[in-house]
Amino acid sequence: QQQVKQSPQSLIVQKGGISIINCAYENTAFDYFPWYQQFPGKGPALLIAIRPDVSEKKEGRFTISFNKSAKQFSLHIMDSQPGDSATYFCAASKGSGAGSYQLTFGKGTKLSVIP
Amino acid sequence: DAGVIQSPRHEVTEMGQEVTLRCKPISGHNSLFWYRQTMMRGLELLIYFNNNVPIDDSGMPEDRFSAKMPNASFSTLKIQPSEPRDSAVYFCASSLRTVAYEQYFGPGTRLTVT
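Cut-off values and rules
- Residues numbered from 1 in each chain as written.
- Chains lettered and ligands numbered in written order.
- Predicted model: local features only at pLDDT ≥ 70, side-chain atom pairs only at ≥ 80, totals over all residues.
- Heavy atoms only, no water.
- Contact = heavy atoms within 4.5 Å.
- Buried area = accessible area lost by both parts, 1.4 Å probe.
- Salt bridge = Lys/Arg side-chain N within 4 Å of Asp/Glu carboxyl O.
- Polar contact = N/O pair within 3.5 Å; in protein donor to acceptor, adjacent residues only side chain to side chain.
- Helix = DSSP H or I, 4+ residues; strand = E, 2+ residues; numbered from the N terminus.
- Nonpolar A, V, L, I, M, F, W, Y, C, P; charged D, E, K, R; others polar.
- Buried < 20%, exposed > 50% of the residue type's maximum accessible area, 1.4 Å probe, protein only.
- Pairing = 2+ DSSP bridges.
- Axes fitted to C-alpha atoms, helices over the stretch in contact; angles between N-to-C directions.

(A) Expanded view of the interface of chain B and chain A. In this complex, chain B contributes 20 residues to the contact, which on the side of chain A involves 18 residues. Taking both sides of the interface into account, the surface hidden between chain B and chain A amounts to around 1500 Å²; carbon and sulfur atoms contribute 60%. For the interface between chain B and chain A, the tally reads zero salt bridges. The interface formed by chain B and chain A holds four residue pairs in polar contact (both at pLDDT 80 or more) in total. For the side of chain B that touches chain A, the elements supplying multiple residues, two or more each, are β4 (31–38) and β5 (42–50) of chain B. Of all the elements, β5 of chain B adds the most residues to the side of chain B that touches chain A, at four residues. Looking at side-chain class alone, the side of chain B that touches chain A contains 12 nonpolar, five polar and three charged residues.

(B) Up close: the pairing of strand β3 (residues 19–25) of chain A. Residues and elements named next belong to chain A. Burial along β3 is one-sided: Ser19, Ile21, Cys23 and Tyr25 are buried, while Ile20, Asn22 and Ala24, pointing the other way, are not. The pairing of strand β1 (residues 4–7) with β3 spans four bridges and is classified as antiparallel. When the sheet's bridge partners are listed, Gln6 is paired in β3 with Cys23. Inspection of the sheet shows β3 paired to strand β8 (residues 72–77) by six bridges, in the antiparallel sense. The residue of β8 that forms the bridge with Cys23 is Phe73.

(C) How the structure looks around the sheet that holds strand β8 (residues 74–79) of chain B. Residues and elements named next belong to chain B. What the four strands build is an open sheet, ordered β1-β3-β8-β7; its pairing is antiparallel. Every interior strand has two partners, whereas the edge strands, β1 (5–7) and β7 (65–71), have only one. If you compare each strand with its neighbour and ignore which way they point, the axes differ by 15° on average. Note that strand β3 (residues 19–24) and β8 share five bridges and pair antiparallel. Residue pairing in the sheet places Leu21 in a bridge with Leu77 of β8.

(D) Broad picture of the pattern of salt bridges. All names here are of chain B. Going through the model one piece at a time under the given rule, you end up with 11 salt bridges over all chains. As a salt-bridge pair, Arg36 and Glu44 come within 3.4 Å of each other at their nearest N and O atoms. One salt bridge connects Arg41 with Glu44, and the closest N-O pair in it is separated by 2.6 Å. On the accessibility criterion, Arg41 (54% relative accessible area) is exposed. A relative accessible area of 16% places Glu44 in the buried class.

Structure below.
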């Protein structure tokens with residue numbers, strides 16, 4: 001019940017295209033869903049996050065879509081740029097209460113944006 | 001502001017040797033996390049400290065692993081003795097509150113045990 005399943009493992013997108021990464025979870029106690037971006041040789045950095053009381057959150061070219069009934073959420077990167085090439089991790093946490101410190105991560109998606 | 005600082009950035013050691021990884025969290029943060037990242041298992045939480053006290057060490061793989069946080073600005077992760085299967089990237093992260101999403105990760109220590 002603690003798993004977060006992420007797909008695809010790798011993604012190649014042309015510059016200007018839309019990158020889409022999907023995640024699914026099982027634990028209905030999760031109520032906070034962040035996405036992390038990791039460049040080679042660096043630690044993961046918080047990119048954008050959503051709570052299940054909204055179905056979509058947008059920050060610049062990055063959008064999270066959330067489907068509570070399907071227990072799925074996705075990251076969309078619009079107008080993808082070569083500088084977006086990185087590994088993206090979805091994650092989930094309880095957000096508050098006991099165990100809220102624990103982030104359950106997906107396995108990651110390596111995104112390559114080609115010119 | 002300086003982020004989370006980890007040292008060393010790279011460590012190569014022989015099997016059986018003791019390894020100590022160091023972390024300086026962001027000033028003012030009261031929660032500290034040690035993670036291990038491998039291709040096979042992804043990111044795994046090893047241990048979580050709150051106000052310098054270990055709260056959850058259920059992710060520490062074996063007794064060979066130990067972690068300390070003697071004060072609010074310093075933590076260590078020690079592996080003794082090290083084994084080749086410990087080879088991984090070890091991250092330290094800190095947060096201002098105990099809510100998980102505000103974790104800030106350091107650059108990591110790449111450990112290779114030969």
